[in-house]
Each structure stands twice: as C-alpha cells, then as structure tokens.
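# Residue-level structure breakdown
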Amino acid sequence: MDHAASSPLTARRAGALKGRTRVPGDKSISHRALILGALTVGETDVVGLLEGEDVINTANAMRALGAKVERMGEGAWRVHGVGVGGFSAPDGVLDFGNSGTGCRLVMGAVGGCPISASFDGDASLRRRPMKRILDPLELIGARAASMSDGGRLPLTLTGARDPIPIVYRTPVPSAQIKSAVLLAGLAAPGETTVIETEASRDHTERLLKHFSAEVRVEAEGAQGRKITVRGEPELAAAPVAVPADPSSAAFPMVAASIVPGSELILTDVMTNPLRTGLIVTLREMGADIEALEPRSAGGEEVADFRVRASALRGVEVPPARAPSMIDEYPVLAVAASFAQGVTVMRGLKELRVKESDRLSAVADGLRANGVEVEIQGDDLIVHGKGRVPGGGLVATRMDHRIAMAFVVMGLATEKPVRVDDAAIIATSFPGFTPLLRSIGAELS
Ligand code: S3P
C-alpha cells in the first residue's frame, strides 16, 4: 500500500520567477465532486478535476462501490451516480493511499448504507486518527472493527441499516468530520445537523446544494456554523467546474514572494474565504499580492493573482485563522524564515495529525537549513533574519506539503536545499516540478 520508490530533489537559487500559470484543480472539491456525483441520479460531468493520486484513489473507491466513473479527457471525468443509499459492497479493500480526505469522506458515505467495506491506506494514513469519524458514524448506527488501537486503518466499516439522524458537535474544527456526518446523514430520514464552533471549509455544503439537496447553514456563535441537511433526497446530477487549488497555489505564491525580482500570475485560483488565510497572512507580512478580475465560477469565487517579490516582516498569526489555512503552515513557515523578525503561529495542534506531524517536520526542516525555530506547546515560532543559509537535507515523512514547502525554500536559500522524496508530491500536485521549472526554478 506504500507509495512508489522515493526520489530526492534539489532546489537551488536561480533567477527571478516569471510567468503566468494555473495550478491543478482543488483537491477538496475534486474528492467531493466524485463522491457526491456517485450519490446522484444521473451523469455528473466534472472538468478541471485534480488528477493526483489522492483523488484517483477516491475515483477507484467510487467504482468499487458500484458507480461508473469514466475519464473522458484531461481533467474531464463523468460519474454515473447510483443514488443516495445505492452503494453496493465492494469486492476488495478500498485503498486510499495517502489521503485522509478521501478515506474519511467515503467512510461517511458508506456509514449510511447497509454494506460492509474495508478501508486501508499507506503508512502515513495508517497512523492518522479515524476515531473522530467513527464516533459520529456509530451514533448514526454504523459499526467499525479495527485491528489496531484507537480505530486506525486498516478497518472494516458496516454502515447503518436504519441510519439515525443526529445533531453532532465536532470536537475539532474539521471539514472532514463535518462532511462525513453530512454524507452519512443523507441516508437518514429527517434532518442531520453538524455544529462547528469555528467554520471549516464549506465545499460539501455548497456541492450538496448544487446537487439539489436541502441544506441550511446558520451562524453559531462568533465564528461557528450550524449546518443541517435533510436526508433521503434525490440528488440531481449537475456539472462541476473545479477551480485551481489555493492550497497548491500557495507554493508558487510564496516562491514568488521570496525570490527577488519575481513576478508571477496565478490564474483561476479559488478565493473561498474559508481557504484564503495564507493570502491574508502574507499580505500582513508585506507581500505584494493583487487579486485580478475576481469572478464567480461553478459555485465558487475565483480570481487571478499577481504576486511580486517583496520584503517580508514577521507577524503573529491568530489561532482563529487556522481553519482557513490549515494546510498552508509549512509554506508559511518558509515565508517566515525569509522575513525580518519573529513570526508566531498559534494553535496548531491539528498539524500533528496531518500526513505527517507537520509541527515537528517543519521545525526539523527549518533547523536543517539554519533557521532558528521553536515549538512551544501548539505554537510554532520562526525567527526570520531576512536570509536563510540552506544546505540542509529535509525528511519529507510521506508528506507532499513538507516536500513542496522545502523545495520552495531552496529557490531562495544561499546553499541548495534537498528533499529526500519528491515522488509523494504526486498525491496532490502532479506537475509541480515542471510547473516550477517553467517559471524559472532550478531543480535537479
Ligand atoms: C480537507 C480538510 C482539512 C485539510 C485537508 C482537506 C477537506 O482537514 O487539512 O487537506 O477536503 O475536507 P480537516 O478537515 O481534518 O482539518
């Protein structure tokens, strides 16, 4: 189940980065378009789908559960749905590779169906907590059997025969938990409600509405939301256009900010406010990022971004911002290393349970390259000195975002930076290396 052989990559300082480019489609929306498409009645055409390994595993899982999923052309996919409750038991194990999102959302979708399915993944995914998903699914009536402690993979999930609609308060702000509950709730009679004290990305709610489900979103306290879906709908197929992934755009965006003289245009980037915390933070640091032609596309807001290199200064990033930039801390820490002054990133507990323990992976990678960094509790503190020596070898720990963040770092360090595995990048950003080369990066 592990990923193909690792391949190291070295990034070195070259000239300015220049050009106009589009990063691949949004990973969160790509998973959801396939899963929700499979729960509709009819044919859903998806364009701009991210063809990364994570999403391909979700497509394969949908096939194994009985939906027909066809690749029509580059990024163009057609899903023939089986309807809510229409999944059939898969013959083999559903293997999600490196993807927590694919695995957890499909657990939700299976949790409301009277079938059993076995879930597995690579060594990274086998370490990640699944109890946070299994707990609410058990309230709905599903049963899980895991061979390891704490409900980790591999495990077998038997969905509820008579799913119970629940009101569930998520213990941590997590779109994956919220989405799993809403997907299972689709099969329950009546209303299923998720309450989150801090709003997490809302692509599931948006796509549910897009596919004609009845969804209500209300404010909950100062920062939270209460999301209610009415169960047993007939979801209607509808086309989906996937915008460029802001979490992938983050890497060239930071690269252009820290490599002197750079000027880059990133097109079609989704600007959903629950995803743009990095842009807010980079601007506070003094980054030169301009949104051009903001517009609506396929139920999401998008814009092109012009990014020019600029001097950055250290800032304090409040914990309330974490959900809107949860995947961007590794590359923000890289930006902070090139800033003048201290950057304090607070409330990063969830980073410990991502594809790797990102708090320690980031701190180790920064130290290996001569950056002064501290972890205090759940806070990450980077002492920026405006320049970074580099010269380090970074352990990517089966984590695509650690690999990409440190490749970006090496484009501006004094000595080259080497990451021990760039193959893992294919999980979320196929074409990362050629895209960076096309704008002037020196990678070998
Ligand atoms: C995702 C939610 C986030 C994020 C992940 C994608 C999603 O995880 O880290 O990369 O698509 O729902 P959590 O919801 O667990 O914070």
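Each chain has its residues counted from 1, following the order in which its sequence is written. Note on the predicted model: pLDDT of at least 70 is required for a residue's local features to be given, and 80 or more for side-chain atom pairs to be given and counted; whole-chain, interface and lining totals, by contrast, use all residues. Think of the side-chain values as coming from all heavy atoms in the structure, minus any hydrogens and water.

## Section: helix 12 (residues 400–410)
Any residue under 20% of the maximum accessible area for its type is buried, any over 50% is exposed, and the rest in between are partly exposed; the area is computed with a 1.4 Å probe on protein chains only. A helix here means a DSSP run of H or I that spans at least four residues, while a strand means a run of E at least two residues long, and both kinds are numbered starting from the N terminus. Most of helix 12 sits out of view: eleven of its eleven residues are buried. Each polar contact in these results corresponds to two N or O atoms within 3.5 Å; when the atoms are within protein, one needs to be able to donate a hydrogen and the other to accept it, and residues that are neighboring in sequence are counted only if both atoms are side-chain atoms. Capping the start of helix 12 is the job of one residue whose side-chain oxygen sits 3.0 Å from the backbone nitrogen of Arg-401: Asp-399.

## Let's talk about the layout of surface pockets
Both site types are read off a 1 Å grid over the protein atoms alone. A 1.4 Å probe that fits but cannot get out defines a cavity, while an open set with protein on both sides within 12 Å along at least five of seven lines defines a pocket; lining residues have an atom within 4 Å of a point. Grid points are joined across faces, edges and corners, and a volume is the space filled by probe spheres set on the points. Counted as a void, the largest pocket has a volume near 550 Å³. Taken together, 36 residues line the largest pocket, and the ones lying closest to its centre are Pro-173, Ser-174, Ile-326, Glu-350 and Lys-354. Contributions of two or more residues to the lining of the largest pocket are made by helix 1 (27–38), helix 3 (100–111) and helix 6 (175–185). Only Asp, Glu, Lys and Arg are considered charged in this grouping, and only Ala, Val, Leu, Ile, Met, Phe, Trp, Tyr, Cys and Pro are considered nonpolar; every other residue, Gly among them, is considered polar. In terms of residue class, the lining of the largest pocket is made up of nine nonpolar, ten polar and 17 charged.

## Concerning the pattern of salt bridges
Note that side chains of opposite charge can pair when their charged atoms are close. A pairing counts as a salt bridge when a side-chain nitrogen of Lys or Arg comes within 4 Å of a carboxyl oxygen of Asp or Glu. Considering all chains together, one arrives at 40 salt bridges under this definition. Arg-306 serves as the salt-bridge partner of Glu-263, at 3.4 Å between the closest nitrogen and oxygen. Linking Glu-263 in strand 15 (residues 263–270) with Arg-306 in strand 17 (residues 300–308), this pair joins segments that are 43 residues apart in sequence. A relative accessible area of 30% places Glu-263 in the partly exposed class. Residues joined by salt bridges that share partners form a network here, namely Arg-128, Arg-201, Asp-327, Glu-355, Arg-358, Asp-399 and Arg-401.

## Describing empty space enclosed by the protein
Any empty space left between the atoms is revealed when a probe the size of a water molecule rolls over them. According to the stated counting rule, one finds three cavities of 30 Å³ or more in the structure shown. Here the largest cavity is characterised by a volume of approximately 50 Å³. Along the walls of the largest cavity sit Pro-246, Ala-249, Ala-250, Met-253, Val-269, Arg-275, Thr-276, Leu-278, Ile-279 and Glu-328, which together make up its complete lining. Of all the secondary-structure elements, those providing two or more residues to the lining of the largest cavity are helix 8 (246–258) and helix 9 (277–284). In terms of residue class, the lining of the largest cavity is made up of seven nonpolar, one polar and two charged. Size it by volume and the second largest cavity reaches roughly 40 Å³. Together, Leu-39, Val-84, Gly-85, Ala-109, Cys-113, Leu-183, Leu-186 and Ala-187 line the second largest cavity. Tallied by class, the residues present in the lining of the second largest cavity amount to seven nonpolar, one polar and no charged.

## Comments concerning the sheet that holds strand 5 (residues 76–80)
Strands were regarded as paired on the criterion that DSSP finds at least two bridges between them. If you walk across this open sheet you meet the four strands as 4-5-3-14, and the pairing is mixed. Two strands close off the open sheet at either side, each with one partner strand: strand 4 (68–73) and strand 14 (240–241). The pairing of strand 4 with strand 5 spans five bridges and is antiparallel. Following the sheet pairing, Lys-68 is matched in strand 5 by His-80.

## Focus: the nonpolar core
When a protein is soluble and globular, its nonpolar side chains tend to lie buried together. The criterion is simple. A nonpolar core is a set of buried Ala, Val, Leu, Ile, Met, Phe, Trp, Tyr and Cys residues joined through side-chain atoms within 4.5 Å. If you look at the biggest cluster of nonpolar residues, it comprises 77 residues, and the most contacted ones within it are Leu-282 and Met-345. Here, two residues are considered to be in contact whenever any of their heavy atoms come within 4.5 Å of each other. Once residues lying within four places of it in the same chain are set aside, the contact partners of Leu-282 are Met-253, Val-254, Ala-287, Ile-289, Leu-332 and Ala-335. Formed by 64 residues, the second largest nonpolar core is a distinct cluster that contains Val-106, Cys-113, Ile-166 and Ile-177.

## Considering the packing of aromatic side chains
A pair of Phe, Tyr and Trp rings is counted when the ring centres sit within 6.5 Å of each other, with Trp represented by its six-membered ring. The angle between the planes then sorts it: under 30 degrees is stacked, over 60 is edge-to-face, the rest tilted. A full pass over the atoms with the stated rule returns three aromatic pairs. Taken together, a centroid distance of 5.8 Å and an interplanar angle of 10° make the contact between Phe-96 and Phe-119 stacked. Taken together, the residues span a long stretch of sequence, with Phe-96 in the loop between strand 6 (94–95) and helix 3 and Phe-119 in strand 7 (residues 116–120) at a distance of 23 residues. The exposure class assigned to Phe-96 is buried, which follows from its relative accessible area of 0%. A centroid spacing of 5.2 Å and a plane angle of 70° characterise the contact between Phe-429 and Phe-432, whose relative ring orientation is edge-to-face. An identical accessibility class is assigned to Phe-429 and Phe-432; each is buried. Put simply, the rings of Phe-251, Phe-429 and Phe-432 pair up and form one aromatic cluster.

## A few points about the confidence of the model for the chain
The score called pLDDT rates the predictor's confidence residue by residue, from a low of 0 to a high of 100. Here the chain shows a mean pLDDT of 97. Residues at 70 or above account for 99%. For the chain, per-element mean pLDDT is lowest for strand 8 (residues 143–146), which scores 93, and highest for helix 10 (residues 329–338), which scores 99.

## Looking at the domain arrangement of the chain
Throughout, the edges of the domains are those of an automatic or database domain assignment. Assigned domains of the chain: these are domain 1 (9–25 + 243–443) and domain 2 (27–241). The C-alpha-based centres of domain 1 and domain 2 are spaced at 28 Å. Contacts between domain 1 and domain 2 engage 27 residues on the former and 30 residues on the latter. Summed over both sides, the interface of domain 1 with domain 2 buries roughly 2400 Å², with 49% coming from carbon and sulfur. Viewed at the interface, domain 2 and domain 1 are joined by four salt bridges. The partner of Asp-327 in a salt bridge is Arg-201, with the nearest N and O atoms 3.6 Å apart. On inspection of domain 1 and its partner domain 2, the count reaches 15 residue pairs in polar contact (both at pLDDT 80 or more). Taken together, the residues of the side of domain 1 that touches domain 2 sort by class into 13 nonpolar, six polar and eight charged. Summed over both partners, the accessible area lost on bringing two parts together, with a 1.4 Å probe, is the buried area.

## Thoughts on the pairing of strand 21 (residues 379–385)
Taken across its seven residues, strand 21 has six buried, putting it largely inside the fold. The sheet contact formed by strand 20 (residues 372–376) and strand 21 spans five bridges and is antiparallel. What sits directly across from Ile-375, in strand 21, is Leu-380. In this antiparallel pair of consecutive strands, strand 20 and strand 21, the connection spans two residues, and Gly-377 shows a positive phi of 60°.

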